[in-house]
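Given next are the chains, with one letter for each unit.
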Amino acid sequence: MRFAIFSSSFAPDWLIVSISHLTTLSSLRLKMLTKSICSHLLTTTPTDPGELTTPSFNSDLSPSEVKGCVAALTFIVLSITRVHSSTYHKEDERPLDGTVVTNELHQLGLTRESAEGFSNIYDDFKAELVAWNVNTMSKGPSRLSSTNWRLVYGLSSGGYTKTTGSSSFEPTPSPAPTNTLDVQMSLQKTDNSRVNFTMSLSKFDELKMELENVQQIIAKEEARVNK
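In the annotation of an unreviewed UniProt entry, the entry for the protein chain reads COMM domain-containing protein, and the organism field reads Triparma strigata.

Here it is in structure tokens:
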């Protein structure tokens, strides 16, 4: 199922797991955590959502599960903010009001009371978060120098067998291919370091959608600045 709060994309599997942990929190504690995350985002630029400090948890959650709860709420806040930011310079063609947010969070597993509490807290920060996202996160020098990619057929015994596309790195031989098709990416940053990772075609489609949304936001901001 696709969700409007995720730019009409599917909810990641890890998020579903973390939401199941969020259901152990009272609606009041979830509201406190949401408020803490929104406030933190407006004052810093965290590199890892899990590094955010959290209030005390009166539950049986482990430290890793608490970290997952913080990461999940941060992901949701940022996703909703990106949706609102994409319509910042024009009339909202796909309204994402509190009712939609509440209903979709409830569908994801939160109780109705917790979902409404999150939505109310987010509405208090909405204008500031959208302005922060448009005016701060959309600007700044890029740290990405170049990208390379290739389609990879078959994953077996720890290696790939056949490739196509542009790439600056060599595949690892594999004796017995399986019927899988993945996309392997290589990102080179301006400091000459490189990040390599592999994703499924479905995940690549989600990444492509996110990048297209970002591109639209940047184009709108540049048009506004150049007026």
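What follows deals with the overall build of the protein chain. Along the protein chain, the regular secondary structure elements total six helices and six strands. A separation threshold of at least 6 residues defines the contact pool for the protein chain, and within that pool the share at least 24 residues apart is 61%. Summing over all exposed atoms, the protein chain offers an accessible surface of approximately 12900 Å²; the carbon and sulfur share of this is 53%.

A word on the nonpolar core. In this structure, Ile-5, Leu-22, Leu-105 and Phe-118 are the most contacted members of the largest nonpolar core, which totals 35 residues. The element contributing the most residues to this core is helix H3 (residues 63-86), with nine residues. In contact with Ile-5, not counting residues within four places along its chain, are Ser-79, Ile-80, Val-83, Leu-96, Val-101, Glu-104, Leu-105 and Leu-108.

For the rest of this paragraph, the subject is the environment of His-84. For His-84, the location among the structural elements is in helix H3. In this structure, the C-alpha to C-alpha distance between His-84 and Asp-97, residues 13 residues apart in sequence, is 9.6 Å. Among all residues touching His-84, those that are not within four sequence positions of it are Leu-96, Tyr-122, Lys-126 and Val-130.

Positive phi, normally seen in glycine, also occurs at Ser-7, with a value near 60°. Structurally, Ser-7 is set in the loop between strand E1 (2-3) and strand E2 (9-10). Residue Ser-7 is classed as buried on the basis of its relative accessible area of 12%.

Moving on, we come to the packing of aromatic side chains. Inspection of the entire model under this criterion finds four aromatic pairs. Arranged with centres 5.5 Å apart and planes meeting at 75°, the rings of Trp-14 and Phe-75 form a pair that is edge-to-face. Residue Trp-14 is found in helix H1 (residues 13-22), and its partner Phe-75 is found in helix H3; the two are separated by 61 residues along the sequence. Since its relative accessible area comes to 38%, Trp-14 is described here as partly exposed. Judged by centre distance (6.4 Å) and plane angle (10°), the ring pair of Phe-118 and Tyr-122 falls under stacked. Remark: Tyr-122 and Phe-118 occur in helix H5 (residues 112-137); sequence separation between them is four residues, near one turn of the helix.

Let's shift gears to the side chain of Glu-104. Turning to its location among the elements, Glu-104 is positioned in helix H4 (residues 98-108). Taking relative accessible area as the criterion, Glu-104 reaches 10% and is therefore assigned buried. In this structure the side chain of Glu-104 is engaged in a polar contact, spanning 2.9 Å, whose partner is the backbone nitrogen of Ala-4. Within the structure, Glu-104 has its side chain in polar contact with the backbone nitrogen of Ile-5 (distance 3.0 Å). For Glu-104, the residues in contact, after removing those within four places along its chain, are Phe-3, Ala-4 and Ile-5.

Okay, the confidence of the model for the protein chain next. For the protein chain, per-residue confidence averages 75 on the pLDDT scale, and 70% of positions sit at 70 or higher. Least confident of the elements in the protein chain is strand E4 (residues 159-164), whose mean pLDDT is 46; most confident is H4, at 92. Between residues 89-93, whose pLDDT stays under 50, and residues either more than four places distant or in other chains, the model counts six contacts. Confidence drops under pLDDT 50 across residues 155-177; counting only partners more than four residues distant or on other chains, this segment forms 55 contacts.

Between the first and last C-alpha of helix H2 (residues 27-43) there are 25 Å, a value that for 17 residues agrees with the 24 Å anticipated at 1.5 Å per step. Among the residues of H2, Ser-27, Arg-29, Leu-30, Leu-33, Thr-34, Ile-37, Cys-38 and Leu-41 are the ones counted as buried.

Here is what the cut-offs are and how they apply
- Residues numbered from 1 in each chain as written.
- Predicted model: local features only at pLDDT ≥ 70, side-chain atom pairs only at ≥ 80, totals over all residues.
- Heavy atoms only, no water.
- Helix = DSSP H or I, 4+ residues; strand = E, 2+ residues; numbered from the N terminus.
- Contact = heavy atoms within 4.5 Å.
- Areas by Shrake-Rupley, 256 points an atom, 1.4 Å probe, with all protein chains shown as cover.
- Core = buried A, V, L, I, M, F, W, Y, C linked by side-chain atoms within 4.5 Å.
- Buried < 20%, exposed > 50% of the residue type's maximum accessible area, 1.4 Å probe, protein only.
- Phe/Tyr/Trp six-rings, centres within 6.5 Å; stacked < 30°, edge-to-face > 60°.
- Polar contact = N/O pair within 3.5 Å; in protein donor to acceptor, adjacent residues only side chain to side chain.
- pLDDT = per-residue confidence, 0-100.
- Expected span 1.5 Å × (residues − 1).

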